[in-house]
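Coordinate inspection notes
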Amino acid sequence: MSLRIVVCVKYVPDATGDRHFADDLTVDRDDVDGLLSELDEYAVEQALQIAEEADDAEVTVLTVGPEDAKDALRKALSMGADKAVHVEDDDLHGSDVMGTSLVLAKAVEKTGYDVVIAGMASTDGVMGVLPAILAERLGVPQVTLLSEVKIEGGPNGKVTGRRDGDAASEQLEASLPAVVSVTDQSGEARYPSFKGIMAAKKKPVESLDLSDLDLEAEEVGLEGAWTAVDSATERPARTAGTIVKDEGEGGKQLAEFLAGQKFI
């Protein structure tokens, strides 16, 4: 029986770009380039390593997002994932982590899974709670923030892993099915080869909407969000710095500046 691995990935705004809020105080994603969240690349890498060690395994990448989110799926497919699922619906606009986790749970159940793997957080929201909420919605164990992860015993086996803390490391395990999240210390993600990029173009990408998942518009999006942004202010432009010419008193002037800014 094949081990079914589902990797949750997110299409996020490029952190190096100039990001803005739209009129409804959501991120204006049309105004900035997007990409596969770097932290999710680690999840894809661990899924591929698990699949390579298994006798029989299939890796499905899953995302919730607009049309352009297919770019994130193609990146994961070019790395080596077998197929992809894209949940796209205009009513998803403005969904918070509660709405997103609901959609992901429904999509994961529809796809079928033995283990769900996610990154430790997204690089835009940086909440880090979605894997735990997803596990709760699915009613399965969660083994989160792992620096090392393995699957033993196939679909009916268990997941084991190491969680590194500031003062100690923990060895964790849970029976499958389960939800796992991995950190950026789990191993560098592979770079897609030219062969992988070409092969990704032929791999299946299934498209789903809310009706496919038996969800209503009011359960997600801005209307169903548990959180709301009341106001937002543009970050002020960077002011010109202070140049100190060292004519023997440079160290003193620097100390006075740092003290004045309460840095020391």
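Residues numbered from 1 in each chain as written. Predicted model: local features only at pLDDT ≥ 70, side-chain atom pairs only at ≥ 80, totals over all residues. Heavy atoms only, no water.

What about the nonpolar core?
Filter applied, for reference: The definition of a nonpolar core used throughout is a set of buried Ala, Val, Leu, Ile, Met, Phe, Trp, Tyr and Cys residues joined through side-chain atoms within 4.5 Å. Classification of residues uses two cut-offs on accessible area relative to the type maximum, computed with a 1.4 Å probe and protein chains only: under 20% is buried, over 50% is exposed, and between them is partly exposed. Elements are defined by DSSP. Helices are runs of H or I of four residues or more, strands are runs of E of two residues or more, and each kind is numbered from the N terminus.
Ranked by internal contacts, the top residues of the largest apolar core, which has 38 residues, are Ile5, Val7, Val61, Ile117, Val159 and Val180. Going through the elements one at a time, strand S1 (3-8), helix H1 (38-53), strand S4 (57-64), helix H2 (70-79), strand S6 (115-119), strand S7 (142-146), strand S8 (148-152) and strand S11 (178-182) are the ones with two or more residues in this core. The dominant element in this core, judged by the number of residues it contributes, is H1, at eight residues. Residues Val87, Val103, Ala107 and Val116 belong to the second largest nonpolar core, which totals 29 residues.

Quick look at the sheet that holds S1
Hydrogen bonds along the backbone pair up the strands of a sheet, which may run parallel or antiparallel. In plain terms, the rule: DSSP bridges decide pairing: two strands pair if at least two such bridges lie between them. Between N-to-C directions, angles cover 0 to 180 degrees, with each direction set by a line fitted to C-alpha atoms, over the stretch in contact for helices. By definition, residues are in contact when any of their heavy atoms lie within 4.5 Å.
With parallel pairing, seven strands are arranged side by side in an open sheet as S7-S11-S6-S1-S4-S5-S12. The open sheet has two edge strands, S7 and strand S12 (205-208), and neither has a second partner. When the angles between neighbouring strand axes are averaged without regard to direction, this sheet yields 20°. One ladder, built from four bridges, connects S1 with S6; its direction is parallel. Counterpart to valine 6 in the pairing with S6 is valine 116. In the packing of H1 onto the sheet, contacts are made with S1, S4, S6 and S11, and the angle to S1 comes to roughly 170°. Contacting S1, S6, S7 and S11, helix H4 (residues 130-138) runs over the sheet at an angle of about 175° to S11.

Section: the environment of alanine 121
Its place among the elements puts alanine 121 in the loop between S6 and H4. Since its relative accessible area comes to 15%, alanine 121 is described here as buried. Sequence separation of alanine 121 and histidine 20 is 101 residues, and the distance between their C-alpha atoms is 21 Å. Filtering out sequence-adjacent residues up to four positions away, alanine 121 remains in contact with Ser37, Leu39, Asp40, Val126 and Gly128.

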